[in-house]
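An overview of the molecular structure
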Amino acid sequence: LLQSSNLQLLRDLGNALEEMARSRRPKGHSITRSFSVSLASLTKRLSGTSVQFVRCIKPNRQMAADTLVATYVNEQLRCSGIYEAVRIRKHGFSKRWPIEEFICRYACIAVDSGELDA
């Protein structure tokens, strides 16, 4: 089942488990060691990616299909900061400048530009 997965990580895990089942457990090799190696591999893979957050909005408390409770959705959007982010973007702050570019562009209006060396 793991080997037929669309995710490479699960396929690799399935292959490793099959190899472990076929062969005898080598000396000094344990489930803990296997888990540690797998965790290190996963950590290395995750550190090479960029972090992105996905906000899931639930349509109702019962998670029932085809039922949307507007007050519940509104509460989630408000509490997660979505409305505030949209309000800020609407006021013209839609571009997120890298700090170096911001300093280069606006250092001339700083009170003490010596404090803003990039």
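Shown above is the structure to which this text applies.
Residues numbered from 1 in each chain as written. Predicted model: local features only at pLDDT ≥ 70, side-chain atom pairs only at ≥ 80, totals over all residues. Heavy atoms only, no water.

Regarding the packing of aromatic side chains
Applying the stated criterion to the full structure yields one aromatic pair. Between Phe102 and Tyr106, the aromatic rings sit 5.1 Å apart at their centres with planes inclined by 45 degrees, giving tilted as the arrangement. Taken as a pair, Phe102 and Tyr106 lie in helix H5 (residues 99-106) at a separation of four residues, close to a single helical turn. The class of Phe102 is partly exposed, set by a relative accessible area of 39%. Take Tyr106: its relative accessible area is 33%, and that puts it in the partly exposed class. (Phe/Tyr/Trp six-rings, centres within 6.5 Å; stacked < 30°, edge-to-face > 60°. Helix = DSSP H or I, 4+ residues; strand = E, 2+ residues; numbered from the N terminus. Buried < 20%, exposed > 50% of the residue type's maximum accessible area, 1.4 Å probe, protein only.)

Let's talk about the pattern of salt bridges
All told, the structure shown has two salt bridges when counted by the stated rule. Two residues, Glu75 and Arg61, come together in a salt bridge whose shortest N-O distance is 3.6 Å. Taken together, the residues Glu75 in helix H3 (residues 70-79) and Arg61 in the loop between helix H2 (31-47) and H3 connect sequence positions 14 residues apart. On the basis of relative accessibility, which here comes to 57%, the residue Arg61 falls in the exposed class. Between Glu84 and Arg87 there is a salt bridge whose closest N-O contact spans 2.5 Å. (Salt bridge = Lys/Arg side-chain N within 4 Å of Asp/Glu carboxyl O.)

No statement about biological role is implied by the geometric values presented.
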